2 protein chains.
Amino acid sequence: MSASKRTVFFVSDGTGITAEALGRSLLAQFNDIEFDQITLPYIDDKAKAFQVVQKINNCMIQEGHKPIIFDTIVNQEIRQILASSKGFMIDIFSTFLNPLELELKTKSSYTVGKSHSIVGDTQYATRISAINYALDNDDGIKTHHYDTADVVIVGVSRCGKTPTCLYLALQFGIRAANYPFTEDDLDDLKLPNSLKPYKNKLFGLSIEPERLAAIRNERKPNSRYASFRQCESEIRGVEALFAKENIPYLNSTHYSIEEISTKLMAECDLNRFGH
Amino acid sequence: MSASKRTVFFVSDGTGITAEALGRSLLAQFNDIEFDQITLPYIDDKAKAFQVVQKINNCMIQEGHKPIIFDTIVNQEIRQILASSKGFMIDIFSTFLNPLELELKTKSSYTVGKSHSIVGDTQYATRISAINYALDNDDGIKTHHYDTADVVIVGVSRCGKTPTCLYLALQFGIRAANYPFTEDDLDDLKLPNSLKPYKNKLFGLSIEPERLAAIRNERKPNSRYASFRQCESEIRGVEALFAKENIPYLNSTHYSIEEISTKLMAECDLNRFGH
């Protein structure tokens, strides 16, 4: 194994999702190294911790480099076992909990896996309800529940509306419906009647015609629907409609659903979990 | 404002999602304090950073406590502006990037907002494709694409199959279909023919009848479908079927979709992004 490849362990007593998120952000700063990523969730007793240490030490022997460890283990005893390994440990909780305790003038509760558990989490019900809302109001299936939407995403077919709605729901508890403009809507350059009362909730997505054609071709290869000419004409129409009706919009081509969602929230002044 | 309420800022030059994830994990350890949470994403130039400092300092004056700041800003100049505020700063990157640079014997690229961007991210396409797969193969609509599924989640209606499939897709790029058992399936205690060839991909969800009845009542109040008696009978049937066919399963009642997903992945030996 070359020096430009390193093994990374994300170790947690809960789901491991926080350790992964933080670890990946940091690793993304090191372009020239390839990271083999292993997540070990639910390491919540000493026996499991000793097994992890074994795994890390074996990896160290095989590769001749210290494996990198990102851990979010709350229990100090288990964390200390992990720290006895030969890996290079980025110990998130012990680094930050102590300074936070001093600043907040209170002891932390050292409770395991709280951040992704439903216990005492009022936001969880909001998220699940928002997921159901997104599914029920996807793709213009229903248009009579827009009164309870936080946002209604509009755009042509396959420009990224549905994944964005789902992400807004799952991650932020935002109730997002979406409505696909048809060719008729675009020919007339008019908002459909079902959208008119909710003009202040509309947010548009656009996309480069080349990209749209590529996405549609995966769905329906060589169709008129997927042709560049058709995509270009729809995009031209939709952007004209956004301009005419003063609908804020984003070109989604180079953005991830995380970026589209957070930019949309900033633009529409939407807060997480309805706050 | 009492001492048991504190304002928290998540500040990022990207989406802010990593700062939120880490910050919330840490804050969850302080039960007796209420946190007002404000996310400020896309703080990517000096002017915006100075505005944030102003906001933090105003908050400090109003509340008489230091606001807590979790930041994931990569650019050092912008980070230093933020550090000049009167808040209590948990500076994630400056804390960990330097030790990582030493261990990896290379300089970090200090590139903004990489972790949730699609640039150079092969995992992104996998995630989007998995989302489309989950939507296309939700709720037993189609049963002829199970050959390309990573897992097929089975259980009674409204036990949490769909949100789990969506989360597996969005977060981990896992292709998850789901199939709802009907009363007929449960009466016969037999797997439907469409599932038989994929027995090794099945994962079951169960749930406590009280909880199931409550969820169904929100959907269809006072229906037979939502009655405790009906829910109990279906759950008894489904658990018998899981046992008879040796299908691994989880009782989802007390778990979040993050927990269900990560436990399922461990049980089924599924790796992130098809690795």
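The following refers to the structure shown. Note that the structure is predicted; figures quoted are calculated from it, not measured.

### Quick notes on helix 1 (residues 17–27) of chain B
Step number 1: Among the 11 residues of helix 1 of chain B, 9 are classified as buried, and the element is accordingly described as predominantly covered.
Step number 2: Within helix 1 of chain B, burial applies to I17, T18, A19, E20, L22, G23, S25, L26 and L27 of chain B.

### Observations regarding the pattern of salt bridges
Step number 1: A full pass over the atoms with the stated rule returns 26 salt bridges over all chains.
Step number 2: Measuring nitrogen to oxygen at the nearest pair gives 3.9 Å for the salt bridge that ties K107 of chain A to E101 of chain A.
Step number 3: For the salt bridge of R127 of chain A with E258 of chain B, the shortest nitrogen-to-oxygen distance reads 2.6 Å. Of this pair, R127 of chain A sits in helix 5 (residues 122–136) while E258 of chain B sits in helix 10 (residues 257–268), each in a different chain. Each member of the pair, R127 of chain A as well as E258 of chain B, carries the same accessibility label: buried.
Step number 4: Here the residues in one salt-bridge network are K5, E34 and D36 of chain A, joined through shared partners.

### Some words on the environment of T95 of chain A
Step number 1: Within the fold, T95 of chain A resides in helix 4 (residues 92–104).
Step number 2: Sequence separation of T95 of chain A and K263 of chain A is 168 residues, and the distance between their C-alpha atoms is 31 Å.
Step number 3: If we ignore the near neighbours within four places in the chain, the residues touching T95 of chain A are T95 and F96 of chain B.
Step number 4: A distance of 2.5 Å separates a polar side-chain atom of T95 of chain A from the backbone oxygen of D91 of chain A.

### A word on the pairing of strand 7 (residues 202–206) of chain B
Residues and elements named next belong to chain B.
Step number 1: A large share of strand 7 lies buried, amounting to 5 of its 5 residues.
Step number 2: Burial along strand 7 is two-sided: the residues L202, G204 and S206 and F203 and L205 are all buried.
Step number 3: Pairing geometry for strand 5 (residues 151–155) and strand 7, over 3 bridges, is parallel. Bridged to V154 within strand 7 is G204.

Cut-offs and rules
- Residues numbered from 1 in each chain as written.
- Chains lettered and ligands numbered in written order.
- Predicted model: local features only at pLDDT ≥ 70, side-chain atom pairs only at ≥ 80, totals over all residues.
- Heavy atoms only, no water.
- Buried < 20%, exposed > 50% of the residue type's maximum accessible area, 1.4 Å probe, protein only.
- Helix = DSSP H or I, 4+ residues; strand = E, 2+ residues; numbered from the N terminus.
- Salt bridge = Lys/Arg side-chain N within 4 Å of Asp/Glu carboxyl O.
- Contact = heavy atoms within 4.5 Å.
- Polar contact = N/O pair within 3.5 Å; in protein donor to acceptor, adjacent residues only side chain to side chain.
- Pairing = 2+ DSSP bridges.

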